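# Structural features, examined
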Amino acid sequence: MLDIKPYFEDDIIFSPRTPHIYPLNREMHRSILLKQALAHHQEDCTDLLLAVRMSLIATERLGQLNSPDLYVTVEGSPCLADTIQGLSRARLANPPRFTYRPAASPGRTTWRRGERVLSITARQRLEKEDFLGLSDADILEVKERKDE
Ligand SMILES: [Zn+2]
């Protein structure tokens, strides 16, 4: 017996087997995150762009950033922390989903959902132009592990 299912556009976009379609959707998603980030942070700064890049990767790996079971820790500048907090809607309290550790480093976000832990670290301090010319792999180190 054949199992024939209807073929929706979303299936195509999100299928890992059709990576050639994926970048269009990714670009759309990135611009939505950028708008949300600007609305929250109110400053078009370098770490806002870094936060958008990190948040896009986290969404792709772990799902919606505003999920109540998603926890995030930010190490880096107040701009990075503020933007990540805005994009994730993660509160410092009641219930606490957000942790901030001020640091002089270029920036790291650690996302936890269930047993999955995703860390995204900026390889170096970045300039605004870097975000136009460099890929995720160029500027970020992404690691994922499972906690027992
Ligand atoms: Zn800023």
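Our structure's up above, just so we're on the same page.
Here is a short report on the structure shown in this document. What you see is a predicted model, and the numbers here were worked out from it, not measured in a lab.

Bringing helix α4 (residues 78-88) into the picture now. Listing the buried residues of α4 in full gives L80, A81, T83, I84, G86, L87 and S88. Looking one or two residues beyond α4, the residue adopting positive phi is R89, at roughly 55°.

Here we take up the pairing of strand β3 (residues 108-113). Bridge count between strand β1 (residues 70-76) and β3: 6 bridges; the pairing is antiparallel. By the bridge assignment for β3, T73 is matched with T110. The pairing of β3 with strand β4 (residues 116-122) spans 6 bridges and is classified as antiparallel. Bridging across to β4, W111 finds its partner in L118. Counted between consecutive antiparallel strands, the loop separating β3 from β4 contains 2 residues, among which G114 sits at a positive phi close to 60°.

Among the nonpolar cores identified, the biggest contains 31 residues, and L50, I84, W111, I120 and L140 are the most heavily contacted of them. Among the elements of the structure, α2 (22-41), α3 (46-62), β1, α4 and β4 are those that each provide at least two residues to this core.

With that settled, consider unusual backbone geometry. Cis geometry marks the peptide bond from N94 to P95; its omega dihedral reads -10°. The topology assignment puts P95 in the loop between α4 and β2 (98-102). Although it is not a glycine, Q42 sits at a positive phi angle of roughly 65°. Position of Q42 among the secondary structure elements: in the loop between α2 and α3. Here the phi dihedral of R89 falls at roughly 55°; this positive angle occurs in a residue that is not glycine. Secondary-structure assignment places R89 in the loop between α4 and β2.

This part covers the coordination of the zinc ion. H41 (NE2), E43 (OE), C45 (SG) and C79 (SG) make up the full set of protein donors to the zinc ion, lying at 2.0 to 2.2 Å. In this structure, the zinc ion is surrounded by 4 donor atoms whose angles at the metal cover 101 to 119°, and the resulting shape is tetrahedral. Each donor residue of the zinc ion lies on the same chain, and together they follow the pattern H-x1-E-x1-C-x33-C. Note that E43 is positioned in the loop between α2 and α3 and C79 in helix α4, a separation of 36 residues in sequence.

In spatial order, the strands read β2-β1-β3-β4-β5; together these 5 strands make up an open sheet with mixed pairing. At either end of the open sheet lies a strand with only one pairing partner, and these are β2 and β5 (140-146). Along the sheet, successive strands turn relative to each other by an average axial angle of 10°, direction set aside. Relative to β2, β1 is paired through 5 bridges, and the arrangement is parallel.

Let us look at the pattern of salt bridges. Overall, the coordinates contain 13 salt bridges when judged by the stated rule. Note that E115 is salt-bridged to K146, the shortest N-O span being 3.5 Å. Of this pair, E115 sits in the loop between β3 and β4 while K146 sits in strand β5, and the two are 31 residues apart along the sequence. The class for E115 is partly exposed, based on a relative accessible area of 44%. Classification of K146 as exposed rests on a relative accessible area of 58%. Through salt bridges with shared partners, one network takes in R26, R53, E60 and D136.

Here is what the cut-offs are and how they apply
Residues numbered from 1 in each chain as written. Predicted model: local features only at pLDDT ≥ 70, side-chain atom pairs only at ≥ 80, totals over all residues. Heavy atoms only, no water. Buried < 20%, exposed > 50% of the residue type's maximum accessible area, 1.4 Å probe, protein only. Helix = DSSP H or I, 4+ residues; strand = E, 2+ residues; numbered from the N terminus. Pairing = 2+ DSSP bridges. Core = buried A, V, L, I, M, F, W, Y, C linked by side-chain atoms within 4.5 Å. Donors = N, O, S within 2.8 Å, 3.2 Å for Na, K, Ca; no water. Tetrahedral: all angles 85-135°; square planar, octahedral: opposite > 155°, others 65-115°. Axes fitted to C-alpha atoms, helices over the stretch in contact; angles between N-to-C directions. Salt bridge = Lys/Arg side-chain N within 4 Å of Asp/Glu carboxyl O.

Without other data, these values stay purely geometric and don't point to any function.
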